[in-house]
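Listed here are the chains, written in short residue letters.
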Amino acid sequence: MIDFVQKHLPILIVVLPLLAGLGALFVGRRHQPWMLALATTWTVFGLTIALLTRVLRDGTVEYAIGGWAPPWGIALRVDAVNAFILLIVAGIAAVTTVFARRSIAAEVPDYRWRFFYSAWLLCFTGLLGITITGDAFNLYVLLEISSLSTYTLIALGMGKDRRALTAAFRYLVLGTVGATFILLGIGHLYMMTGTLNMADLAVRLHDLHDNRVVLTAFAFMTVGLGLKVALFPLHMWLPNAYTYAPSVVTAFLAATATKVGAYMAYRFMFTIFGRTFTEGQFTVDIFLITFSCIAIVFASFVAIRQNHIKRLLAYSSVAQIGYIVLGMGLHNPDGLTGSIVHVFNHAITKGGLFLALGAIVYRLGDVTVGEFQGIGRRMPLTAAAIVVGGLSLVGVPLTAGFISKWYLIQGCIESGRWVVAIVVLGGSVLAVVYVWRLVELAYFTAPSQPEVEVREAPLSLLIPTWLLIGATVWFGIDATFTASTARTAAETLLGVIP
Amino acid sequence: MSPLVIALVIPAAGALLIGLAGRWPNLRETVTMVTAGTLFAVVASLAADVLGGGRPTASLVEVVPGIELALAAEPLGMIYALVAGFLWIFNSIYSFGYMRTGNEKKQTRFYICFAIAIGSALGIAFSANLFTLFVFYEVMTFSTFPLVTHKGTPAAVRAGRIYLGILLFTSTCLLLLAIIWTYVATGTVDFKAGGILAGVVTPGVAATLFVLFILGTGKCAVMPFHFWLPNAMVAPTPVSALLHAVAVVKAGVFIALKIAVFVVGVDFIAAHDLGTVLCWMAGATVIIASLVAMTRDNLKALLAYSTVGQLSYIVLAACMGSRLAIEGGAMHIAMHAFGKITLFFCAGAIYVAHHKTEISQMKGIGRTMPVTLFCFAIGSLSIIGLPPFGGAWSKWFLALGALESEHVALLVVFLVSSFLNVAYLMPIVIRAFFVAPDEGTWDKGVQEAPIACLLPIVVTSIGCVALFLFPDLVYSFASRIP
């Protein structure tokens, strides 16, 4: 049994949630689908830990599906980069699924629960699949699986607010445009090289790095990926989707979907395009840095003015994605380490924050400025979680956000980009403004409806929230695991480690 | 466990226990006192070790590969730690009197945050590298925020915004940038006697970094980044006394000295005049702050501006590039602390006993609060820098330093500033003792603040005298700064 798991570890990570996702429709009513989801996500979480350990110990793991040798068959290929991302996705899924039971019970009518958990697990499958696969077309297929189930998950927020439907539709349109651009990019690459295997693509593109068709593919890909990661100005789908989706879906998507988008960008930019990106005449790095700087400044300013707290944090996500893309554009080891470690740090921070908002929604029905007033006294533990998470968004020392900022600035200074360093630092000052607005609302204003009795959130919501928020503190104090793994990943991407 | 770690664990454990004892005020206050007492004992034993030539170090945790939270004791840090630790004891006694008489709310939170703030002060004092220093610097900023906004009024919330805004803006945009820049340029963040920049970067880069470091340390309150300090005066007076005259602001100037000695290097500063720009800024701050202080009628606001000016004395000491000035600056940390905490204690005592905050209301108040106002006079004279009070020594060394480094202009600054100090502090004393009160204001005889407030005032003013008579208490450390 152990041998079997060891041998087929990579594929199990995709197949288990896929089967469970279909099974969730049939296992019965009430909470059985949730239990299945819970068991699946935690099992997969365990498997991803095992996989990362193995990758860090033995180097890249390859797995040929069905025994068909690559480049003919579909290969799964796991190095430090995707093993780390897999861990993030599975870890977040495991924690948010614990939160989902009560939160979904309150926000989604019970006859839709099994559809919800089915879509939830399929979305999970898609994200894991994108991350683990070594085949470009396979990546596109899994991207569609995750996207379609994401649209469903967002639309399920309609039980509370029918604007979820338009939000989902908008994301469907933009997401499909993005996915199509990615498909066009992959198509062009296939045309030029005759292969879809990523490792093979990388080898064959090495000498084609300034070929026009390859450049066209690169352009399509850049825009498509920009849409998926929600890089400014392609972020338009994100704020509404995050605001109207069920709370736990927002937490899950904010912590994983854009992160997997960032992973795709790492993979295509560095591993596959390689020289086209780093030496190309497109100077894409300048574009990425410029747009991410605008994202950091612009989205932070917009966030300051929001009155719906979920939307506020959604814009904050747009800004934080700016940091991730920025590190990509710097393409030096420290900058890229900062980017990758921020994928992890922002996932736990934003995941925890959206879960905390979910706890407030559970008690008060919504989470606008009105509900938020005086929450510090009504729900002290939840409010404290928001403060700690907020500090991590700002990048205060002893929180995870600080670690990413440290590496990013180091990367900026090393490549002599002083203005960018100032933007990164200025971005955290702007973050202080919107985070502190929340603190003042929570602790210095009286509740808008004092007559309504509000109790602290139940433990089944508090524990997952504090697991993630506690992790932001833990990985802010002892970041040797995250930082060294991200460093290995960055060096893998930059080709320092083969 | 290393005594350095214990010195951090004690306030942290104290904060926890204070929280647990929150329902029983007497127990809570006992916990505070025990914590402060044990802490001082530990710091004093460390100090004895350092005087004997020991340089204990301790490593807490490796944060990212190559950078760790680490502690190390050295003479400069010991001065700051001793002052903060010693004054916390008496400030706590004072707080009990002040907070209880004033019936302040949320006292448990107050004492918890206070303990954390003192813990962070010790963390700063014992930092072994810039990273650790920055971490504790920010812990201090956030732990003092609830103290500044303690009253929860709109004015307090506004002051809190300015407080956080300026301190976080300067520390993230300038200080952190300087730290990471130093790390990239030198490959290390560890403090080293003689400086880590000297000989590694060009004088131009070093001068820029030095400016970033000092302005980034917003707690130095060098103009134009001083606004947070007068605003922070909305806090209850014990906070203004210990934090905004001692722990927080002295953290700023301590960092300035530490940067000059252990990061840039005093000889490097002297050789290339790296501190010129900063000398101008700090010199201007000294004069302008004193002039502004003269225009204030609110006693705490006046004292706040006086602090802004006095802090820049120490910043000047750091930037002159003279060892004598560094010794003077280090001594001024202690001398000014005793003088200024006395003045704030007095201001608070006047408020507790008579609810007066404006100087114009204090005509003849010496008749009803003779002890308080007498101590106020002692504190004032020490701040001005006259013998037989501690302030005379530090000013002496600062002046010597200005001569040694051939900054005659700075000598003039010190001189003018002393005159201005006389001009804004002495009228308060004269008005209290020698001006006839308005009809019917103080005719109830002697009415001092409660004994818990009065005792610390007396102790700290005796301290001002003691530091003059026994300057070795501080100088023995100052002279050992490498």
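Thresholds applied
Residues numbered from 1 in each chain as written. Chains lettered and ligands numbered in written order. Predicted model: local features only at pLDDT ≥ 70, side-chain atom pairs only at ≥ 80, totals over all residues. Heavy atoms only, no water. Helix = DSSP H or I, 4+ residues; strand = E, 2+ residues; numbered from the N terminus. Rg over C-alpha atoms; globule rule 2.2 N^0.38 Å. Contact = heavy atoms within 4.5 Å. Areas by Shrake-Rupley, 256 points an atom, 1.4 Å probe, with all protein chains shown as cover. Lys, Arg positive; Asp, Glu negative; His and termini not counted. Charge placed at Lys NZ, Arg CZ, Asp CG, Glu CD. Buried < 20%, exposed > 50% of the residue type's maximum accessible area, 1.4 Å probe, protein only. Salt bridge = Lys/Arg side-chain N within 4 Å of Asp/Glu carboxyl O. Buried area = accessible area lost by both parts, 1.4 Å probe. Polar contact = N/O pair within 3.5 Å; in protein donor to acceptor, adjacent residues only side chain to side chain. Nonpolar A, V, L, I, M, F, W, Y, C, P; charged D, E, K, R; others polar. Phe/Tyr/Trp six-rings, centres within 6.5 Å; stacked < 30°, edge-to-face > 60°. Lys NZ or Arg CZ within 6 Å of the ring centre and 35° of its normal. pLDDT = per-residue confidence, 0-100. Core = buried A, V, L, I, M, F, W, Y, C linked by side-chain atoms within 4.5 Å.

> Teacher, can you tell me more about the overall build of chain B here?
A count of helical and extended segments in chain B gives 18 helices and two strands. Computed over the C-alpha atoms, the radius of gyration of chain B is 21 Å, within 12% of the 23 Å expected from 2.2 N^0.38 for a compact globule of 482 residues. With the C-alpha coordinates aligned to their principal axes, the bounding extent of chain B is approximately 70 × 55 × 45 Å. Contacts in chain B between residues far apart in sequence, at least 24 positions, make up 81% of those at least 6 positions apart. For chain B, the exposed surface amounts to about 15500 Å²; the carbon and sulfur share of it is 68%. One finds the centroid of the 25 positive side-chain charges in chain B at a distance of 11 Å from the centroid of its 20 negative side-chain charges.

> Honestly, the overall build of chain A in this entry has me stumped. Any pointers?
Along the backbone of chain A there are 22 helices and two strands. Against the 2.2 N^0.38 benchmark of 23 Å for 498 residues, chain A shows a C-alpha radius of gyration of 21 Å, consistent with a compact globule. With the principal axes as the frame, chain A shows a C-alpha extent of 70 × 55 × 40 Å. Among the 498 residues that make up chain A, the fraction classed as buried is 64%. Intrachain contacts of chain A at a sequence separation of at least 6 include 81% that bridge at least 24 residues. For chain A, the accessible area works out to roughly 16800 Å², and carbon and sulfur atoms hold 67% of it.

> I keep staring at the pattern of salt bridges and nothing clicks. Help me out?
Oppositely charged side chains can form a pair if their charged atoms are brought close together. Residues and elements named next belong to chain A. Overall, the coordinates contain ten salt bridges over all chains when judged by the stated rule. The partner of Glu-62 in a salt bridge is Arg-77, and the shortest N-O contact between them spans 2.9 Å. With a gap of 15 residues between them, Glu-62 in strand β1 (residues 61-64) and Arg-77 in strand β2 (residues 75-78) connect regions that are remote in the sequence. One salt bridge in this structure joins Arg-163 and Asp-161, with 3.0 Å as the shortest N-O distance. Residue class for Arg-163 comes out partly exposed when judged on its relative accessible area of 48%.

> Is there a simple way to explain the side chain of Arg378(A) in this structure?
Residue and element names in this part refer to chain A. Considering the arrangement of structural elements, one finds Arg-378 in helix α17 (residues 375-378). You can call Arg-378 buried: its relative accessible area is 14%. With sequence-adjacent residues up to four places away left out, Arg-378 is seen in contact with Leu-364, Pro-447, Gln-449, Pro-450, Val-452, Val-454, Arg-455 and Glu-456.

> Just to check I follow, could you spell out the interface of chain B and chain A for this structure?
Taken together, the contacts link 31 residues of chain B with 31 residues of chain A. Summed over both sides, the interface between chain B and chain A buries roughly 2700 Å², with carbon and sulfur atoms accounting for 85% of that surface. The largest share of the area that chain B buries against chain A comes from Phe142(B), Leu177(B) and Ile180(B), three residues that together contribute 18% of it. Linking chain B with chain A are one salt bridge. Linking Arg161(B) and Glu440(A) is a salt bridge whose minimum nitrogen-to-oxygen distance equals 2.7 Å. Applying the counting criterion to the chain B and chain A interface returns three residue pairs in polar contact (both at pLDDT 80 or more). Of all the elements in the fold, those that place two or more residues in the side of chain B that touches chain A are β1 (57-64), β2 (67-72), α5 (130-148) and α6 (154-186) of chain B. It is α6(B) that provides the largest number of residues to the side of chain B that touches chain A, a total of 14 residues. Looking at side-chain class alone, the side of chain B that touches chain A contains 25 nonpolar, three polar and three charged residues.

> Explain the packing of aromatic side chains here, please?
The relative placement of two aromatic rings is captured by the distance of their centres and the angle of their planes. Residues and elements named next belong to chain A. This model, assessed by the stated rule, comprises 43 aromatic pairs over all chains. Ring centres of Tyr-242 and Phe-354 lie 5.9 Å apart, and the angle between their planes is 85°; on these two criteria the pair is classed as edge-to-face. Here Tyr-242 is found in helix α10 (residues 238-244), whereas its partner Phe-354 is found in helix α15 (residues 333-364), with 112 residues between them in sequence. Judged by relative accessible area, Tyr-242 falls into the buried class, the value being 2%. Residue class for Phe-354 comes out buried when judged on its relative accessible area of 1%. With a centroid separation of 6.4 Å and 20° between ring planes, the pair formed by Phe-287 and Phe-291 is classed as stacked. Taken as a pair, Phe-287 and Phe-291 lie in helix α13 (residues 284-304) at a separation of four residues, close to a single helical turn. In this structure an aromatic cluster arises from ring pairing among Tyr-151, Tyr-171, Trp-237, Tyr-242 and Phe-354. The ring centre of Trp-34 lies 5.5 Å from the NZ or CZ of Arg-101, which sits over that ring.

> Would you explain unusual backbone geometry in this entry?
As a rule of thumb, non-glycine residues mostly have phi less than zero, and peptide bonds are mostly trans rather than cis. Between Phe232(A) and Pro233(A) the backbone carries a cis peptide bond, its omega angle lying at 0°. In this structure, Pro233(A) sits in the loop between α9 (212-229) and α10. A positive phi is found at Asp273(B), a non-glycine position, where the angle reads about 50°. Looking at where Asp273(B) falls in the secondary structure, it is placed in the loop between α10 (266-272) and α11 (276-295).

> Which parts of the structure should I look at to understand the confidence of the model for chain B?
Detail in the predicted coordinates should be disregarded across regions flagged by low pLDDT. Summary statistics for chain B give a mean pLDDT of 86 and a share of 99% for residues scoring 70 or more. Taken together, the chains of this predicted complex give a pTM of 0.90 and an interface ipTM of 0.87.

> Would you mind showing me how to read the nonpolar core here?
Soluble globular proteins tend to bury their nonpolar side chains together. Trp406(A), Met78(B), Ile124(B), Phe126(B) and Phe210(B) are the most contacted members of the largest nonpolar core, which totals 219 residues. Discounting residues that sit within four places of it in the chain, Ile124(B) has contacts with Tyr80(B), Leu133(B), Phe136(B), Tyr137(B), Met140(B), Ala251(B), Phe254(B) and Ile255(B). By size, the runner-up hydrophobic cluster in this structure holds 172 residues, among which are Ile182(A), Ala241(A), Ile386(A) and Tyr434(A).

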